[in-house]
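Per-entry structural report
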Amino acid sequence: MKVDCDIHPGVPSVKVLLPYMDQYWADAFVQRGMDGFDMASYPPGAPISCRPDWRLERAKPGTSLAQVQAQALDAFGVRFAICNPLYGGQVAVSETMAAALCSAVNDWIAAEWLDADPRLRASIVVPVQNPQLAAEEIERKAGDRRFVQVLLPSGAEMLYGKSYYWPIFAAAEKHGLPVGIHAGLMYRHAPTSNGWPSFFLHDYVAGSQVFEDQLLSMVSEGLFVKFPGLRIVLLESGVTWLPGFIWRAIKTWRGVRAEVPWVKRSPAAYIREHVRLTMQPFDAPADAGIVSQILEEIGSDEMLLFATDFPHWQFEGDQAVPPGFSPSLLRKIMVDNPLATYPRLQESIA
Amino acid sequence: MSKHIVAAVTDLPPGSRKLMTIKGRPIAVFNLGGAFFGLLNRCPHQGGDLCAGLVTAAVTADRPGEYRMTRQGEIIRCPWHGWEFDIRTGQSWCEPDRIQAKQYPIEIAAGTDLVKGPYIAETIPVSVEHNYIVIEV
Ligand code: FES
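Quick look at the structure, then. If you're wondering where the values come from, they're calculated on a predicted model, not measured in any experiment.

**Side note on the overall build of chain B**
The secondary structure content of chain B amounts to 1 helix and 11 strands. Along chain B, helices and strands appear, N-terminal first, in the series β-β-β-β-β-β-β-β-β-α-β-β. The burial tally for chain B puts 44% of its 137 residues in the buried class. Across chain B, every contact between residues at least 6 apart in sequence was considered, and the portion connecting residues at least 24 apart equals 47%.

This is the structure we're talking about:
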């Protein structure tokens, strides 16, 4: 019953999406000659974007269903895997083009991936650039129970706690869909809070700070008070920054909590209740003692979700989980926690 | 434990506070609308002078963006790191069950009773016409 909570099927080119667009957009992409909507956060040739033994010959990472079935589903023996497509619609500057690309990706993944393998599930990708259109897209796809989550990029135009984004969270909560936030930026802002880095190294490492900012925004703006049923899943965040971050958030909240009186409990309480994190990458040395200390500091065994992050290059061989996890904890992160986080997985095995 | 006469009621009008040393301990006495409370003047966090903090209201909300002020004058904010304490109970706002400012029980006694003893009058003369704040330390 193992669940892989983060795999990345690739969109080979905009051509495969054209049948899922209305006439205007199907013509527009062809007439304007536009393609290559891969996210700048994951350049197809960058090492992180694909493990060497998972690279396809003359095709972009993750674009072959047969390969995903063999190397992601069969190889790890998973009962379910959640597809999180990372594609330009989620970050495009034009709201309407973003909406066209996102809805095409959702229909394409349903028809060409979910229909093809009963182990596959998917996230609904949405044009977060326009929260109203994003909420409409959630409404449009939520009836298909194989969509188990709503997917947002980690960096957008504003911080996600802002009321501007509430229509998206309201729609997700209404349909019992967790909101997954995946590493990847719109690049409306520099990826660090102090300007543009020069190298990919800096860009990727700094990614965990963006997660911290989003989490603080959601807690302090009262998102979990406004939407008590909401679940947030941080995808590809690195995980181990969490203990120090929680400690700092609690410490500061104690002194200035009157500024945000709707935050009635400590930030740690909201985070432990509402936030889940996928396990690849897990930024820690392969040392069981250190790993178990980190888990103790996180203070909950309900928060972690198994993931391979296929085809991103996070680990070698089949070592998708670092050493230091007891058999009972492994069961929690691979089975119990995913089923509790994604009610739609639970219902499909009931 | 012993009982100490620390002030005449009239010396500490409602809304005021007074810091004193009793048995070598710094203790702050507060008058909240006629009811008296004694707190150790040492914050349970890192020992800040609680008595020097801002006395304020309880700020609460049921939804994001709302600010409700109740119990004006009953919450004190430690001047060091801003932790809030309920003057009536000593409980911290952040972890009321685990973190508390130490409280000392206070009673009001008539001068006529006090002159009989066995109270310890710190530095103030006691007269039969007045009521006094008595703290147990
Ligand atoms: S010493 Fe009082 S809040 Fe730190």
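**As for the overall build of chain A**
Within chain A one finds 13 helices and 8 strands. A globule of 350 residues ought to have a C-alpha radius of gyration of about 20 Å, and chain A, at 19 Å, matches this closely. Seen through its principal axes, chain A has C-alpha atoms that stretch 60 × 50 × 45 Å. In chain A, which comprises 350 residues, the proportion classed as buried is 58%. Considering only contacts in chain A between residues 6 or more positions apart, those separated by 24 or more positions represent 79%.

**A short note on the environment of Ser208 of chain A**
Residue and element names in this part refer to chain A. Looking at where Ser208 falls in the secondary structure, it is placed in helix H7 (residues 207–220). By relative accessible area, Ser208 is classed as buried at 19%. Each C-alpha atom of the pair Ser208 and Thr240 lies 9.5 Å from the other, and the pair is 32 residues apart in sequence. Those residues in contact with Ser208 that lie beyond four places of it in its chain are Ser237 and Trp241.

**Quick notes on the nonpolar core**
In this structure, Met21, Phe169, Ile232 and Phe325 of chain A are the most contacted members of the largest nonpolar core, which totals 136 residues. For this core, the leading source of residues is helix H3 (residues 95–114) of chain A, giving 11 residues. Excluding residues that lie within four positions of it along the chain, Ile232 of chain A makes contacts with Phe169, Val179, Ile181, Met218, Phe224, His274, Val275 and Arg276 of chain A. Grouped together as the second largest cluster of nonpolar side chains are 13 residues, Ile22, Tyr104, Ile133 and Val137 of chain B included.

**Brief notes about the pattern of salt bridges**
Residue and element names in this part refer to chain A. Summed over all chains, the structure comprises 30 salt bridges over all chains. Here Arg146 ties to Asp144 by a salt bridge, and the two come within 3.0 Å at their closest N and O atoms. On the basis of relative accessible area, Arg146 is assigned to the partly exposed category, the value being 23%. Notably, a salt bridge pairs Glu273 with Arg265, separated by 3.0 Å at the nearest N-O pair.

**Details of the packing of helix H4 (residues 131–141) of chain A against helix H5 (residues 166–174) of chain A**
Residues and elements named next belong to chain A. Interhelical geometry of H4 versus H5 gives an angle of 15 degrees and a closest axis separation of 8 Å. As far as their axial angle goes, H5 and H4 are roughly parallel. For the pair H4 and H5, the sense of crossing is right-handed. In this structure, H4 contributes Pro131, Gln132, Ala134, Ala135, Ile138 and Glu139 to the contact, and H5 contributes Pro167, Ile168, Ala171, Ala172 and Lys174. For the contact of H4 with H5, the per-class residue count stands at 8 nonpolar, 1 polar and 2 charged.

**Examining the sheet that holds strand E11 (residues 131–136) of chain B**
Residues and elements named next belong to chain B. Taken in spatial order, the 4 strands line up as E9-E11-E1-E10 in an open sheet, and their pairing is mixed. With partners counted over all chains shown, the strands left at the sheet margins are strand E9 (106–110) and strand E10 (120–121), one partner each. Looking at chain direction, strand E1 (residues 3–8) and E11 are connected through 5 bridges and run antiparallel. Paired with Lys3 across the bridge in E11 is Glu136.

**Here's the deal with the packing of aromatic side chains**
With the rule as written, the count across this model stands at 16 aromatic pairs over all chains. An aromatic cluster is built from Tyr24, Trp25, Phe29, Phe37 and Tyr87 of chain A, whose rings are joined through pairwise contacts. Across from the ring centre of Tyr270 of chain A, 4.5 Å away, lies the NZ or CZ of Arg265 of chain A, which sits over that ring. Between the NZ or CZ atom of Lys102 of chain B and the centre of the ring of Tyr104 of chain B, over which it lies, the distance is 5.0 Å.

**Concerning the sheet that holds strand E4 (residues 35–40) of chain B**
Reading across the sheet, the 4 strands line up as E2-E3-E4-E8 (chain B) and stay open at both edges, with antiparallel pairing between neighbours. Edge positions in the open sheet fall to strand E2 (17–22) and strand E8 (103–104) of chain B, since each of these has one partner strand only.

**Some thoughts on a positive patch on the surface**
Together, Lys23, Arg25, Arg42 and Lys102 of chain B make up a region of like positive charge exposed at the surface. Under the relative-accessibility criterion, Arg25 of chain B is labelled partly exposed at 33%.

Calculation criteria
Residues numbered from 1 in each chain as written. Chains lettered and ligands numbered in written order. Predicted model: local features only at pLDDT ≥ 70, side-chain atom pairs only at ≥ 80, totals over all residues. Heavy atoms only, no water. Helix = DSSP H or I, 4+ residues; strand = E, 2+ residues; numbered from the N terminus. Buried < 20%, exposed > 50% of the residue type's maximum accessible area, 1.4 Å probe, protein only. Contact = heavy atoms within 4.5 Å. Rg over C-alpha atoms; globule rule 2.2 N^0.38 Å. Core = buried A, V, L, I, M, F, W, Y, C linked by side-chain atoms within 4.5 Å. Salt bridge = Lys/Arg side-chain N within 4 Å of Asp/Glu carboxyl O. Axes fitted to C-alpha atoms, helices over the stretch in contact; angles between N-to-C directions. Parallel < 35°, antiparallel > 145°, perpendicular 65-115°, else oblique. Left-handed = near helix turned anticlockwise from the far one by under 90°. Nonpolar A, V, L, I, M, F, W, Y, C, P; charged D, E, K, R; others polar. Pairing = 2+ DSSP bridges. Phe/Tyr/Trp six-rings, centres within 6.5 Å; stacked < 30°, edge-to-face > 60°. Lys NZ or Arg CZ within 6 Å of the ring centre and 35° of its normal. Patch = residues over 30% accessible without salt bridge, like charges linked within 9 Å, V, L, I, M, F, W, Y side chains within 5 Å. Areas by Shrake-Rupley, 256 points an atom, 1.4 Å probe, with all protein chains shown as cover. Lys, Arg positive; Asp, Glu negative; His and termini not counted. Charge placed at Lys NZ, Arg CZ, Asp CG, Glu CD.

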